[in-house]
Amino acid sequence: MRFATRLLIGVAAAAAVTVAAPVAAGATTTGAATSSGTYSDSWGPYHSSDHKAKAKGHVEVEKKTYKHWHWKTVIVPKKVCKWHDGEKKCWWVKKEVKKRVWEWKHVFRFDVHGKLYNDKWWGKNKCAWTTFKVVTTDGDTSYERFKNCWKHPKHFSFSGENAAHIYVNVSRGNHWNPNGWHSGWQDVYHAV
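Remember, it's a predicted structure, so these values are computed and weren't measured experimentally. Going along each chain's sequence as written, the residues are numbered from 1 onward. Where local features are concerned, this predicted model is filtered to residues with pLDDT of at least 70; where side-chain atom pairs are given and counted, the filter is 80 or more; whole-chain, interface and lining totals use all residues. Heavy atoms throughout the structure, all of them, feed into the side-chain values; hydrogens and water do not.

Comments concerning the overall build of the chain
Argument step 1. From N to C terminus, the chain includes 1 helix and 9 strands.
Argument step 2. Going from N to C terminus, the chain has its helices and strands arranged as α-β-β-β-β-β-β-β-β-β.
Argument step 3. Categorising residues by exposure relies on relative accessible area from a 1.4 Å probe, with only protein chains included: less than 20% of the type maximum marks a residue as buried, more than 50% marks it as exposed, and the intermediate range marks it as partly exposed. Counting over 192 residues, the chain shows a buried share of 27%.
Argument step 4. Whether two residues touch is decided by their heavy atoms; if any such pair falls within 4.5 Å, the residues are in contact. For the chain, the proportion of contacts with a sequence separation of at least 24, taken over those separated by at least 6, is 64%. Helix and strand labels come from DSSP, where a helix needs a run of H or I of at least four residues and a strand needs a run of E of at least two; each type is numbered from the N terminus.

See the structure below:
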């Protein structure tokens, strides 16, 4: 009886591993770069609060590795000898030497592509706007804005490096700036 119980437990464990392995192999983190350093996903569609502007698109993040060369000060021992009263006297001194060395550095390059739709291209506040807020891993914040004042969708794209978070706000406005019907900050990408 004990042998049959152990056999059934072993079969159940093997079945669980067999079912879980393909699921784990195909799993990716939502919104963050994977361990291989690549991430690709769609974002949106996000609408303005009056549903007359819409934005959607695609974001890609790729890890780039490069050699960073710099100068490093290294202390090396050097033997110094002098003659004094017919005798050679030697001693060791520490000398600083500059040496050119390199180290591997990584940068995460992102590309955001999208389309901006405008369902009301006439009258007051006839433009659709998207404002992107990019927060880098250093804590710096930058903004990218795009507008569409025409009937047909407008394609846009921008890129940068080392983004910790990318947000988008879809709104309505005039030819110069967005001034109403904001969607609020919606998530496009976030790093782990």
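Focus: the side chain of Asn148
Argument step 1. Its location among the elements puts Asn148 in strand E5 (residues 141-148).
Argument step 2. Side-chain polar atoms of Asn148 contact the backbone oxygen of His152, separated by 2.9 Å.
Argument step 3. Among residues more than four places away in sequence, those in contact with Asn148 are Leu116, Tyr117, Asn118, Lys126, Cys127, Ala128, Pro153 and Lys154. Between N or O atoms, a polar contact is any pair within 3.5 Å; within protein, one atom must be a potential hydrogen donor and the other a potential acceptor, and residues adjacent in sequence are included only when both atoms are from side chains.

Some details on the state of the cysteines
Argument step 1. Note on terminology: pairs of cysteine sulfur atoms within 2.5 Å are recorded as disulfides. Applying the stated criterion to the full structure yields 2 disulfides.
Argument step 2. The disulfide bridge from Cys81 ends at Cys90, spanning 2.0 Å between sulfur atoms. Across the disulfide from Cys81 to Cys90, rotation about the S-S bond amounts to roughly 110°, and the bridge is consequently right-handed.
Argument step 3. The partly exposed category is assigned to Cys90, whose relative accessible area is 36%.
Argument step 4. Residue Cys127 pairs covalently with Cys149 via a disulfide, S to S 1.8 Å. The sign of the S-S torsion, about 105°, decides the handedness of the disulfide formed by Cys127 and Cys149: right-handed. Of the two residues, Cys127 sits in strand E4 (residues 127-136) while Cys149 sits in the loop between E5 and strand E6 (154-161), which places them 22 residues apart along the sequence.
Argument step 5. What connects to what in the chain, once the bonded cysteines are numbered by sequence position, is 1-2, 3-4.

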